[in-house]
Amino acid sequence: MSQSLRIPEILNIARRDGRVSVEGLAEHFGVTLQTIRRDLAEMAAQGKLERVHGGAVLQSNITNIGYEDRRGLNDEAKTAIALRIVRDIPNGCSLFLNIGTTTEAVAHALMKHRDIMVLTNNINVANILVENPACEIIVAGGLLRRSDGGLVGTVTTQAIQQFKFDLAVISCSALDVDGDMLDYDIQEVGVSQTILRQARRSFLVADRSKFQRRAPARIGSLSQIDRFYTDAAPPPSLAADCHDWGTEIVVCRG
């Protein structure tokens, strides 16, 4: 069966089951794993599916993909971003890390930092940084989102408003070509907006896949960000806007 015939059937299976696996599709079609990986890469490039570890899931503009699937996405890019940004985070500072698998990668990269205070609304970030005895950890309370360990809601925003920190390191679920930072959960958006207001400087960490995604809730604009860390140059029009806004773009290579 040719790729042009496999792709519609792969899409039907994904719509039926919510996700597809490379091994399952290879067995179904009687082709090699590499053939299926090429099919899924082509479908991801067309925006029909989103690649996850071992397969793909349907894209959605209103709900995020599952946390475990997000953890396996673009690991090399997230690691490169994390290793680069920690070079710009000084010892002896206070910073906020919000919800996201990229900010969790940043937490892992902060293990050698000393005399830092990390505030977070991400239970996973707190658990990672427990291993660094030179890091004071403050968890902003609130409604626990069991799916990913995030804390959101009014209690969280009120807790964050009690602080003024040197640096915010935030992530987002999607980036629009006009520079808008987007997310799926309106409660998480409210928390992110509060984080930006309480920070002296703000850094965004987001890999190139965020330009291929859509989400309905607006956090704010890259014009509010001092430095944007990513793994590939953004579209030229957005790069020009960032230059005008004074938002520095740092492209991180593995």
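Each remark here, short or long, concerns the structure printed above.
The rules behind these values
- Residues numbered from 1 in each chain as written.
- Predicted model: local features only at pLDDT ≥ 70, side-chain atom pairs only at ≥ 80, totals over all residues.
- Heavy atoms only, no water.
- Helix = DSSP H or I, 4+ residues; strand = E, 2+ residues; numbered from the N terminus.
- Rg over C-alpha atoms; globule rule 2.2 N^0.38 Å.
- Buried < 20%, exposed > 50% of the residue type's maximum accessible area, 1.4 Å probe, protein only.
- Contact = heavy atoms within 4.5 Å.
- Areas by Shrake-Rupley, 256 points an atom, 1.4 Å probe, with all protein chains shown as cover.
- Core = buried A, V, L, I, M, F, W, Y, C linked by side-chain atoms within 4.5 Å.
- Pairing = 2+ DSSP bridges.
- Axes fitted to C-alpha atoms, helices over the stretch in contact; angles between N-to-C directions.
- Expected span 1.5 Å × (residues − 1).
- Arc of directions from axis to C-beta.
- 1 Å grid on protein atoms, 1.4 Å probe; cavity = no way out; pocket = protein on both sides within 12 Å on 5 of 7 lines; lining within 4 Å.
- Points joined across faces, edges and corners; volume = space filled by probe spheres on them.
- Nonpolar A, V, L, I, M, F, W, Y, C, P; charged D, E, K, R; others polar.
- Salt bridge = Lys/Arg side-chain N within 4 Å of Asp/Glu carboxyl O.

Chemist: Mind showing me how you'd approach the overall build of the chain here?
Modeler: For the chain, the count of helices and strands is ten helices and 15 strands. A compact globule built from 254 residues would reach a C-alpha radius of gyration of about 18 Å, and the chain, at 19 Å, matches this within 12%. Taken along the three principal axes of its C-alpha coordinates, the chain extends 60 × 40 × 35 Å. Across the 254 residues that make up the chain, the buried fraction comes to 52%. In the chain, the proportion of contacts linking residues at least 24 apart, taken out of those at least 6 apart, comes to 57%. For the chain, the computed accessible surface area is about 11900 Å², with 49% contributed by carbon and sulfur atoms.

Chemist: Explain the nonpolar core here, please?
Modeler: One broad trend across soluble globular proteins is that nonpolar side chains are buried collectively. Grouped together as the largest cluster of nonpolar side chains are 27 residues, with contacts concentrated most on I85, I89, L95, L97, V106, L110 and V169. When residues of this core are traced back to their parent elements, those giving at least two are α5 (75-85), β4 (94-97), α6 (101-109), β5 (116-120), α7 (123-129), β9 (165-170) and β12 (199-205). A199, L204, A206 and C242 belong to the second-largest nonpolar core, a separate cluster that totals 25 residues.

Chemist: Help me out: how do you make sense of the sheet that holds β9 in this one?
Modeler: Strand pairing in a sheet relies on backbone hydrogen bonds, with the paired strands running either antiparallel or parallel. Pairing within the open sheet is parallel, and its seven strands lie in the order β6-β5-β4-β9-β12-β14-β15. Each edge of the open sheet is held by one strand with a lone partner, namely β6 (135-139) and β15 (248-251). Across this sheet, the average inter-strand angle for adjacent strands is 20 degrees, counted without regard to direction. Taken together, the four bridges between strand β14 (residues 227-230) and β15 define a ladder with parallel strand orientation. By the bridge assignment, T230 is partnered in β15 with V251. Sitting on the sheet, α5 touches β9, β12, β14 and β15, and the angle it makes with β14 is about 140 degrees.

Chemist: Is there a simple way to explain the sheet that holds strand β3 (residues 55-58) in this structure?
Modeler: Spatially, three strands are ordered β1-β3-β2 in an open sheet, and the strand pairing comes out antiparallel. Each edge of the sheet is formed by a strand with only one pairing partner; in this case those strands are β1 (19-21) and β2 (49-52). Averaged over neighbouring strand pairs, the angle between their axes works out to 25 degrees when direction is ignored. Bridge count between β2 and β3: four bridges; the pairing is antiparallel. The residue of β3 that forms the bridge with L49 is L58.

Chemist: Looking at this model, I keep getting lost on helix α1 (residues 3-17). Mind explaining?
Modeler: Every α-helix carries 3.6 residues per turn, so stepping three or four residues along brings you back to the same face. Here α1 spans 20 Å end to end across 15 residues, near enough to the 21 Å set by a 1.5 Å rise per residue. Among the residues making up α1, those that are buried are R6, I7, I10, L11, I13 and A14. All buried residues of α1 lie within an arc of 165 degrees about the axis, which places them on one face of the element. Exposed residues on α1 whose side chains face more than 90 degrees from its buried face are S4, L5, R15 and R16.

Chemist: Honestly, unusual backbone geometry in this entry has me stumped. Any pointers?
Modeler: A negative phi holds for most residues other than glycine; trans holds for most peptide bonds. For D115, which is not glycine, the phi dihedral falls at a positive 55 degrees. Among the structural elements, D115 can be located in the loop between α6 and β5. Looking at D115, the relative accessible area reads 62%, which means it is exposed.

Chemist: Would you take a moment to explain empty space enclosed by the protein for this structure?
Modeler: With a probe scaled to a water molecule rolled over the atoms, the places where space remains empty come into view. Applying the stated criterion across every chain, the model contains one cavity of 30 Å³ or more. Here the largest cavity defines a volume of roughly 30 Å³. In this structure, the largest cavity is lined by F96, L119, T120, I138, V139, A140, A159, I160 and F163. Sorting the residues of the lining of the largest cavity by element identifies β5, β6 and α8 (154-160) as the ones contributing at least two each. A class-by-class count of the residues in the lining of the largest cavity yields eight nonpolar, one polar and no charged.

Chemist: What am I meant to see in the pairing of β3 here?
Modeler: Moving residue by residue along a regular strand, the side chains alternate between the two faces of the sheet. Here β1 runs beside β3; their pairing, made up of three bridges, is antiparallel. Across the sheet, V20 pairs through a bridge with A56, a residue of β3. Counting the residues between successive antiparallel strands, the hairpin from β2 to β3 contains two residues, one of them, G54, with a positive phi of roughly 85 degrees.

Chemist: Teacher, can you tell me more about the pattern of salt bridges here?
Modeler: Any two side chains of opposite charge can pair, on the condition that their charged atoms come close. Under the definition given, this model contains eleven salt bridges. With a shortest N-O distance of 2.8 Å, R84 and D88 are connected by a salt bridge. Where R145 meets D185, a salt bridge forms, and the shortest distance between an N and an O atom there is 2.8 Å. Of this pair, R145 sits in strand β7 (residues 143-145) while D185 sits in the loop between β11 (180-183) and α9 (186-197), placing them 40 residues apart in sequence. Exposure remark for R145: the relative accessible area of 18% places this residue in the buried category. Put simply, R84, D88, R227 and E248 are held in one network by salt bridges that share partners.

None of this, on its own, says anything about what the molecule does.
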